[in-house]
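Examination of the molecular architecture
So you can see what is in the structure, the chains are spelled out below.
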Amino acid sequence: MTNPASQPTNGNFRCAAISAVKHDYVARGVASHPRFELVVVADDPQVPDWAHERNQQLADDFRIPYVRDVERALREFGVQIAIVSSEAERHCDLSIRAALAGKHVIQDKPLTTRMSEADRLVAAIEQSGVKFLMWNRNFLPSVLNASQRISAGEIGQPLAAHVDFYFAKDAGPFKGSRRPGYPPMDWLAFQLAAHIDGSDGAVGNEPIGELSNEGIYPLGYLQMLVGARVQRVFARSTAHFHQVNADNGVEDLASMTLEMEGGLIGSVAVGRSGAASHPSGGEMKLQVVGTKGALVVSEARPDIGIYYRDQPPREPRQRRVAGENDFLLAENFAQAIDHNRETILNARASRDIFATITAALKSCETGQPVEVE
Amino acid sequence: MIRLAVCGDEARWQMVSARLRGGSINCSLNAADLHPPPGTYDALLLVTPKLQQVGLIERALADGKHVLLVSPTELPPAELESFATSAKQAGVQFAVVNPDRYLPSRQLVRQQLDAGKLGRPGLIRMYRWEPTPASSSNTLPSPLLLDLDLAIWLMGPSPNSVFATETPRATDGTESGRTIQVHLGFPDGPMALLSYSSALPPGDDYRSLSVMGSAGAAYADDHQNMQLIYRGQHPQALRAEEGIRPLVNLTQDFVDALQTQRDLSPSLVEWHRVRTIGQAVEQSLISRQTISMEGA
């Protein structure tokens, strides 16, 4: 049952950005939908100055107040929706507080850094009767099309599903490029400095590897394409590219072999492979084998090539077009609220994905396949 | 000039012969002519040799001919070892090769790795989907052996761990494809994912290779090499093939090795290594556990 207090007025939703220190693109993406209006930015008073600065920036851009009191913002601005994009370790706490205040929640990835928090979030969402959406990429045109083809039975019953998901981005000095004796790189200090040129990753006090930070995307694809829960996982990971990952003991390259419900198998490769590894942001592919055929899908398509003299080296040569991911995610969320339906990636599915990643990280440590809780 | 005796499509071999330096296809064997006169050739080259051709290989070695076996997945390791012993006694070369190492696309990737342009390989990702229904035996599909070889050839060291899983197979005796996932771990962190399936409907296969290196990456993907043909309704995708070059490349390499007297015996050692890893894959499929290759 949807919480009546969280129903829209005049069909539109008033939204609070509850911390926008990690990505402001989630709030901006939601606000791009005409039914969603960003009315306030809020955060806890004790967050560090850099966090306040980022929140204030978003508030200034939208010409809305920044309130250093989350509960007051949720209470006094007539919002139905909280958009959470804090440091990963605060995600669930903020989302739970919003849910308990009767607000629907849109949350940035990753879900959390702790399994107990994931379980607490699922309980809070389900008990509060509010909707939850983990921001994802499932409505990219190619992914949507693949999902529709599989649902229509064009390749028969899926047997195996694979995702390659590499971000061709740098993250500071390459591994091994610093002189011996240099102190280890501080995770948070690096992420804050890297924010200027957009090469930051998972900002926060807890270092987070690529599997934890980005794994939601490929696993979200699999969840939508084949709809089977992962039961067992074998994984390998390494800090292969970047010194900041190596110094902080978190991976920037990982691979998972998955055993899923119904005998499906699958695999995922994720990495932050360096800007030099791809001309346009990274190789991202979905490959599904079925009983009657198979699909090979480039996540980036449709795209077009743009090349010109004196082109900046970091400007993508292939440019994605016709994407409606932001609008469709927001629309999916609105429909879920309007018709009391589940979202494309709800709290329980997000929790299951986090459980898969947790099992994968354990497998990386033990070298053995691990059952997913 | 090295004179080669070969078996199979004569027209295709003539195309190879026209492209060879220092070698020629002198003798194309067929079912009626399985034992060429010793004076007519210097070396025997067989692609995917069958068990029925063991006698031909033994006689060639006994006659002092060099032998190259391409993709000898159907021959037991003990037989290959016996050939190697015979070759040593006769003072000739005996070698086995994976033809995929000679695909121009794969050779270019290896060259970039050797030149250090891609840095240290961290992840090798391979897909091979085929329309061939697999046999009901528990033996690893032969193409997967070739992929294992290719992954190790590109990575450098041998894997130190092997994990594999596959979709459940039909228990009613019907022929169905096998869909297998192999996960290799290498010392100090690198990894390889090999996705094999023989469940495709009749038609073309699909192959893809990507190598993520510490300084760059290479992508050799059929998806990127498709041409389109429009004949109404949806267009069809047609792969831009690498043609006869793999066969030319491996034949030329064999001829060059014979002319320069390069020792080809390590090829059998590498092949045995791949068979051992293949056995580990089979063990993992049965046990559903990781197989350690430390000390193997």
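Residues numbered from 1 in each chain as written. Chains lettered and ligands numbered in written order. Predicted model: local features only at pLDDT ≥ 70, side-chain atom pairs only at ≥ 80, totals over all residues. Heavy atoms only, no water.

1. A short note on helix α4 (residues 88–100) of chain A
All names here are of chain A. As a reminder of what qualifies: Working definition: with a 1.4 Å probe on protein chains only, accessible area under 20% of the residue-type maximum means buried, over 50% means exposed, and in between means partly exposed. Only DSSP runs of H or I covering at least 4 residues are called helices, and only runs of E covering at least 2 are called strands; the numbering of each starts at the N terminus. Residue contacts are defined here by distance: any two heavy atoms, one from each residue, within 4.5 Å place the two residues in contact.
Most of α4 sits out of view: 10 of its 13 residues are buried. Within α4 the residues assigned to the buried category are Ala-88, Glu-89, Arg-90, His-91, Cys-92, Leu-94, Ser-95, Ile-96, Ala-98 and Ala-99. Turning to α4, the residues buried within the fold contact β1 (13–18), α3 (70–76), β4 (81–84), β5 (104–107), α5 (115–128) and β6 (132–134). Among the residues trailing α4, Gly-102 stands out with phi positive, at a value near 85°.

2. Re the sheet that holds strand β10 (residues 265–272) of chain A
Residue and element names in this part refer to chain A. As a reminder of what qualifies: The rule for pairing is simple: two strands pair if DSSP sees at least two bridges between them. Fitted lines through C-alpha atoms give the axes, limited to the stretch in contact for helices. The angle between two N-to-C directions lies from 0 to 180 degrees.
Taken together, seven strands build an open sheet; the order of strands is β12-β11-β7-β10-β9-β8-β15 and the sheet is mixed. With one partner strand each, in any of the chains shown, β12 (294–298) and β15 (370–371) form the two edges of the open sheet. Relative to β15, strand β8 (residues 230–238) is paired through two bridges, and the arrangement is antiparallel. Across the sheet, the residue bridging to Val-233 is Val-370, located in β15. Where helix α9 (residues 216–225) meets the sheet, its contacts fall on β7 (158–167), β9 (253–260), β10 and β11 (284–290), and the angle it forms with β7 comes to roughly 155°. Sheet contacts for helix α12 (residues 347–366): β8, β9 and β15; angle to β8, the most-contacted strand, approximately 50°.

3. A word on the packing of aromatic side chains
To be explicit about the condition: Aromatic pairs are defined between Phe, Tyr and Trp rings, using the six-membered ring for Trp, whenever the two ring centres lie within 6.5 Å; interplanar angles under 30 degrees are classed as stacked, those over 60 as edge-to-face, and all others as tilted. Think of it as a cone above the ring: NZ of Lys or CZ of Arg counts as a charge over the ring if it is within 6 Å of the ring centre and within 35 degrees of the ring normal.
What the rule picks out here adds up to nine aromatic pairs over all chains. Measuring from ring centre to ring centre gives 5.6 Å for Phe165(A) and Tyr217(A), while their planes differ by 40°; the resulting arrangement is tilted. Taken together, the positions of Phe165(A) in strand β7 and Tyr217(A) in helix α9 put the pair 52 residues apart, joining distant regions of the chain. Take Phe165(A): its relative accessible area is 1%, and that puts it in the buried class. Since its relative accessible area comes to 5%, Tyr217(A) is described here as buried. Look at Trp129(B) and Tyr206(B): their rings are 5.0 Å apart centre to centre, the planes differ by 50°, and that puts the pair in the tilted class. Highlighted residues: Trp129(B) in strand β6 (residues 121–129) and Tyr206(B) in strand β10 (residues 206–213), separated in sequence by 77 residues. Across the pair, exposure class does not vary: Trp129(B) and Tyr206(B) are buried alike. Counting every residue linked through ring pairs, the aromatic cluster contains Phe165(A), Phe167(A), Tyr217(A) and Tyr221(A). Lying over the aromatic face of Tyr217(A), Arg137(A) brings its terminal NZ or CZ to 5.3 Å of the ring centre. Positioned above the aromatic ring of Tyr41(B) is the side chain of Lys65(B), whose terminal nitrogen or guanidinium carbon lies 5.2 Å from the ring centre.

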